[in-house]
Amino acid sequence: QVQLVESGGGLVQAGGSLRLSCAVSGSRFSIKPMGWYRQAPGKQRELVASITSGGSTNYADSVKGRFTISRDNAKNTVYLQMNGLKPEDTAVYYCNIGVFIGATMIPGAYWGQGTQVTVSS
């Protein structure tokens, strides 16, 4: 059974930092692309950052230079380091095991339960 468990969310002031973690079990983590997504109230879920099995990364324009995605295959865990947080980063953050269609990564079937990030101004 595949499980993804996010942690590390919370309330932080603008300009602050948080590090999210997503522990994965029941899947061959090391060969899977991973993505962090977020969903704010009334908005669609959006891709924040992704990382391939080889460590290549991709970021949404809105977080480039502020967020860093990384993975530790020995711990079956993917991380999202978030610096310079802004009120508009407030959302529920989810991790996901991605699927490649050609050169494009799309979300796969497995999601975590999400972790709330709230940034106050």
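Residues numbered from 1 in each chain as written. Predicted model: local features only at pLDDT ≥ 70, side-chain atom pairs only at ≥ 80, totals over all residues. Heavy atoms only, no water.

A. Focus on the nonpolar core. Judged by nonpolar contacts, the single largest core of 28 residues is most densely connected at Trp36, Leu80, Met82 and Tyr93. Among the secondary structure elements, those contributing two or more residues to this core are β3 (18-25), β4 (34-39), β5 (46-51), β7 (67-72), β8 (77-82), β9 (91-101) and β11 (115-120). Setting aside chain neighbours within four positions, we find tyrosine 93 in contact with Glu6, Leu20, Trp36, Tyr37, Arg38, Val48, Phe67, Leu80, Met82, Gly114, Thr115 and Val117. (Core = buried A, V, L, I, M, F, W, Y, C linked by side-chain atoms within 4.5 Å. Buried < 20%, exposed > 50% of the residue type's maximum accessible area, 1.4 Å probe, protein only. Helix = DSSP H or I, 4+ residues; strand = E, 2+ residues; numbered from the N terminus. Contact = heavy atoms within 4.5 Å.)

B. Quick look at the pairing of β9. Pairing geometry for β4 and β9, over 6 bridges, is antiparallel. Within the sheet, the bridge partner assigned to methionine 34 lies in β9 and is isoleucine 97. Here 3 bridges tie β9 to β11, and the two strands are oriented antiparallel to one another. Counted as the bridge partner of valine 92 is glutamine 116 from β11. (Pairing = 2+ DSSP bridges.)

C. Looking closely at the pattern of salt bridges. Counted by the stated rule, this structure contains 4 salt bridges. Linking arginine 66 and aspartate 89 is a salt bridge whose minimum nitrogen-to-oxygen distance equals 2.7 Å. Of the two residues, arginine 66 sits in the loop between β6 (57-59) and β7 while aspartate 89 sits in the loop between β8 and β9, which places them 23 residues apart along the sequence. We note that arginine 66, like aspartate 89, is buried. Beyond isolated ion pairs, a larger network of salt bridges with shared partners links Arg38, Glu46, Arg66 and Asp89. (Salt bridge = Lys/Arg side-chain N within 4 Å of Asp/Glu carboxyl O.)

D. Inspection of the state of the cysteines at higher detail. Under the criterion given, the structure shown has 1 disulfide. The disulfide partner of cysteine 22 is cysteine 95, and the S-S distance across this bridge is 1.9 Å. On the sign convention where negative is left-handed, the bridge of cysteine 22 and cysteine 95, at about 55° about the S-S bond, is right-handed. Here the residue cysteine 22 occupies a position in strand β3, and cysteine 95 occupies one in strand β9, the gap between them amounting to 73 residues. Side by side, cysteine 22 and cysteine 95 carry an identical accessibility label, which is buried. (Disulfide = S-S within 2.5 Å.)

Geometric descriptors of this kind do not, in isolation, establish any biological role.
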